[in-house]
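What follows is the residue order along each chain.
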Amino acid sequence: MEDLEKIRTLEMRFRREFARSPRFFRAPGRVNLIGEHTDYNDGFVLPFAIDRFCLVAGAARADSTINAAALDLRESFSFDLRDQAIRRRGDWRDYIEGTARSLGIRQGADLVFSSEVPIGAGLSSSAALAISVGFALLALADDAIDKRKLAFAAQRAEHDFVGIRSGIMDQFASVFSTRGHALLLDCRSLEFEKIPIAFEDFDIIVCDSRIKHELASTEYNIRRRECEAGVEILRAVKPGIQSLRDAALTDLEKADDLLPDTIKRRCRHVIGENARTLEAARGLRDNDPKLFGRLMFESHSSLRDDYQVSCRELDFLVDAAAGIDGVAGARMTGGGFGGCTVNLVRSDTTQEFENEICREYSNKFGSRPVIYSFHASDGAAEID
Ligand code: GLA
């Protein structure tokens with residue numbers, strides 16, 4: 001088993017470094033099927049955890065030191081939980097220290113990790129890292145694993161230590177997912193429904209543009225502020241609304257004179273995307289790939305035109321997919337400005353799809369996208 005190989009390597013490295021046996025933990029990345037930039041607006045998302053994990057080998061220490069080594073990067077660092085926290089180092093260490101601090105961990109640990117989740121591809125390699133390390137730290141300190149608390153701590157790490165005001169989708173997907181299912185999450189009530197991913201004769205194929213534009217994190221925080229500004233303005237026509245979740249398209253019309261054009265577009269995306277996500281969930285339950293696919297295309301157009309978080313590489317991938325036989329739907333997935341598209345493709349045409357999309361993309365941009373066919377996996381766990 002491939003996984004076993006990886007665990008052996010981790011174990012060897014751990015023993016060499018710390019001269020004892022570790023326990024093993026893992027947490028997955030995710031693909032979002034639909035419901036983009038809705039999570040921090042109290043809305044709906046529909047992600048699933050992928051079969052790519054961040055693996056952690058760890059053992060508790062008697063003191064309050066955390067030693068963490070990144071196997072793939074050949075880097076390591078240490079800090080003492082009793083010392084003042086250091087924020088915004090600007091790399092993977094922020095996720096480790098941030099999660100440990102946010103969880104209120106007091107007991108030290110030795111950790112070695114290695115991740116299979118592609119970095120910077122919009123597949124939540126950061127949530128996989130924070131959740132797997134957080135899970136390990138709780139388990140090694142003999143603390144009860146409160147999954148919600150873990151998800152929120154990882155999110156706080158992202159806010160306070162990394163500096164991105166992300167929503168809760170990635171962490172929830174990494175913690176609560178179940179094999180074979182997508183997670184329809186209500187980001188307000190935090191209730192979720194697990195829906196089997198079982199489109200008859202259709203597969204989900206992910207295309208990684210391998211592009212990551214620099215502005216992703218700044219623009220992310222700007223979008224969040226624009227949504228908050230939208231809520232403020234909409235209160236004039238609908239007092240008492242807490243977030244864009246509470247707004248309808250008719251409210252936008254009523255507030256038309258008050259809303260600057262950019263803010264109006266942002267709001268329109270979020271309101272429409274929430275409705276699309278609920279409808280797509282119905283399409284998934286009812287095995288209706290046609291409906292689901294149409295909503296994916298609509299979602300992409302809205303992200304491109306109104307929310308303006310796409311880029312020409314992603315638009316190209318979606319347009320190219322639309323022209324390929326057997327494709328029911330395609331859209332960018334994740335925060336945007338690069339990363340991946342997710343495609344719903346008829347199973348008997350997936351090979352042609354892959355060949356064709358790679359050919360067209362290479363012709364245009366001179367590099368090949370990476371194609372993935374992920375399986376929906378279980379969330380974070382200790383590995384026996
Ligand atoms: C990033 C964030 C998520 C979510 C998506 C967009 O992945 O971490 O919280 O907002 O972007 O849907």
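Starting afresh in each chain, residues are numbered from 1 along the sequence in its written order. Only residues with pLDDT of at least 70 are given local features in this predicted model, and only at 80 or more are side-chain atom pairs given and counted; all residues enter the totals for whole chains, interfaces and linings. To get the side-chain values, all heavy atoms of the structure are used, and hydrogens and water are removed first.

A. Structural view of the overall build of the protein chain. By the criteria applied, helices consist of DSSP H or I runs no shorter than four residues and strands consist of E runs no shorter than two, each listed in order from the N terminus. A tally of helices and strands in the protein chain yields 11 helices and 13 strands. To get the radius of gyration, use the C-alpha atoms; to get the globule rule, take the number of residues to the power 0.38 and multiply by 2.2 Å. Against the compact-globule benchmark of 21 Å for 384 residues, the protein chain has a radius of gyration of 21 Å, which places it among compact chains. With respect to the three principal axes, the spread of C-alpha positions in the protein chain is 60 × 50 × 40 Å. To sort residues, take the accessible area from a 1.4 Å probe on protein chains only and compare it with the maximum for the residue type: under 20% means buried, over 50% means exposed, and anything in between is partly exposed. Within the protein chain, buried positions represent 57% of all 384 residues. Whether two residues are in contact is decided by their heavy atoms: any pair within 4.5 Å suffices. Taking the intrachain contacts of the protein chain between residues at least 6 apart in sequence as the baseline, contacts between residues at least 24 apart amount to 71%. Residue-level accessible areas treat just the shown protein chains as cover; the underlying method is Shrake-Rupley with a 1.4 Å probe. Counting every atom, the protein chain has about 16100 Å² of accessible surface; 46% of that belongs to carbon and sulfur.

B. View of the nonpolar core. Among buried residues, the Ala, Val, Leu, Ile, Met, Phe, Trp, Tyr and Cys ones that are joined through side-chain atoms within 4.5 Å form a nonpolar core. Grouped together as the largest cluster of nonpolar side chains are 76 residues, with contacts concentrated most on Leu-46, Phe-48, Ile-96, Leu-111, Leu-123 and Phe-292. Counting residues per element, this core draws most heavily on helix 3 (residues 125–140), which supplies 11 residues. What marks off one domain from the next here is an automatic or database domain assignment. Two domains each provide a minimum of three residues to this core, namely domain 1 (4–195 + 378–383) and domain 2 (199–373). Val-231, Leu-234, Ile-241 and Leu-314 belong to the second largest nonpolar core, which has 24 residues in total.

C. Molecular detail of the side chain of Asn-32. Its location among the elements puts Asn-32 in strand 1 (residues 23–32). Relative accessible area serves as the criterion here: at 0%, Asn-32 is assigned to the buried category. Here a polar contact is recorded for every N or O atom pair within 3.5 Å, except that within protein the pair must consist of a potential hydrogen donor and a potential acceptor, and residues adjacent in sequence are included only if both atoms are side-chain atoms. Within the local environment of Asn-32, its side chain forms a polar contact with the backbone oxygen of Gly-35, the two atoms lying 2.8 Å apart. Among all residues touching Asn-32, those that are not within four sequence positions of it are Val-45, Leu-46, Pro-47, Met-169, Arg-331, Thr-333 and Val-342.

D. Summary view of the confidence of the model for the protein chain. Confidence scores labelled pLDDT are given residue by residue by the predictor and lie between 0 and 100. Of the residues in the protein chain, 99% reach a pLDDT of 70 or more, and the chain-wide mean stands at 97. Per-element confidence in the protein chain is highest for strand 2 (residues 44–45), whose mean pLDDT is 99, and lowest for helix 1 (residues 2–18), whose mean pLDDT is 92.

E. Just the packing of helix 3 against helix 4 (residues 147–162), in detail. Where helix 3 meets helix 4, the closest approach of the two axes is 9 Å, and the angle between their N-to-C directions is 125°. The pairing of helix 3 with helix 4 is recorded here as oblique in orientation. Between helix 3 and helix 4 lies a crossing whose hand is right-handed. Residue-level contacts link Ser-126, Ala-130, Ile-131, Gly-134, Phe-135 and Leu-138 of helix 3 to Leu-150, Ala-151, Ala-154 and Glu-158 of helix 4. Lys, Arg, Asp and Glu make up the charged group, whereas Ala, Val, Leu, Ile, Met, Phe, Trp, Tyr, Cys and Pro make up the nonpolar group; the residues left over, Gly among them, are polar. When the residues that make up the contact of helix 3 with helix 4 are grouped by side-chain class, the tally is 7 nonpolar, 2 polar and 1 charged. Fitted lines through C-alpha atoms serve as axes, helices being fitted only where they are in contact, and the angles separating the N-to-C directions of these axes extend from 0 to 180 degrees. Between 65 and 115 degrees an angle is taken as roughly perpendicular, under 35 as roughly parallel, over 145 as roughly antiparallel, and anywhere else as oblique. By definition, turning the near helix anticlockwise from the far helix through less than a right angle yields a left-handed crossing, and turning it clockwise yields a right-handed one.

F. Examining the sheet that holds strand 4 (residues 65–70) more closely. If you trace the 6 strands from one edge of the open sheet to the other, you get 5-4-6-3-1-13, paired in mixed fashion. If you trace the sheet from one side to the other, it starts and ends with strand 5 (75–80) and strand 13 (381–383), each paired once. This sheet shows a mean twist of 25° between the axes of neighbouring strands, independent of strand direction. Those strands touched by helix 2 (residues 93–103) are strand 4, strand 5 and strand 6 (109–115), and its axis lies near 30° from that of strand 5. A pair of strands counts as paired when DSSP detects no fewer than two bridges linking them.

G. Just the site of the ligand, in detail. One heavy atom within 4 Å of a molecule or strand is enough for the residue carrying it to be called near that molecule or strand. Every residue lining the ligand is accounted for by Arg-30, Glu-36, His-37, Asp-39, Tyr-40, Ser-166, Gly-167, Met-169, Asp-170, Tyr-220, Gly-334 and Gly-335. Interatomic distance of 2.6 Å between a side-chain N/O atom of Glu-36 and an oxygen atom of the ligand. Asp-170 has a polar side-chain atom sitting 2.6 Å from an oxygen atom of the ligand. The fraction of the free accessible surface of the ligand (300 Å²) that becomes covered by protein chains is 92%. With respect to the detected pockets, the ligand is housed in the largest pocket. Looking at side-chain class alone, the shell around the ligand contains 3 nonpolar, 5 polar and 4 charged residues. Viewed by domain, the shell around the ligand spans two of them, domain 1 (4–195 + 378–383) and domain 2 (199–373), each represented by three or more residues. Only protein atoms enter the 1 Å grid, on which a cavity is a set of points fitting a 1.4 Å probe that cannot get out and a pocket is an open set with protein on both sides within 12 Å along at least 5 of 7 lines, lining residues being those with an atom within 4 Å of a point. Occupancy of a cavity or pocket is assigned to a molecule whenever over half of its atoms lie within 2 Å of that pocket's grid points.

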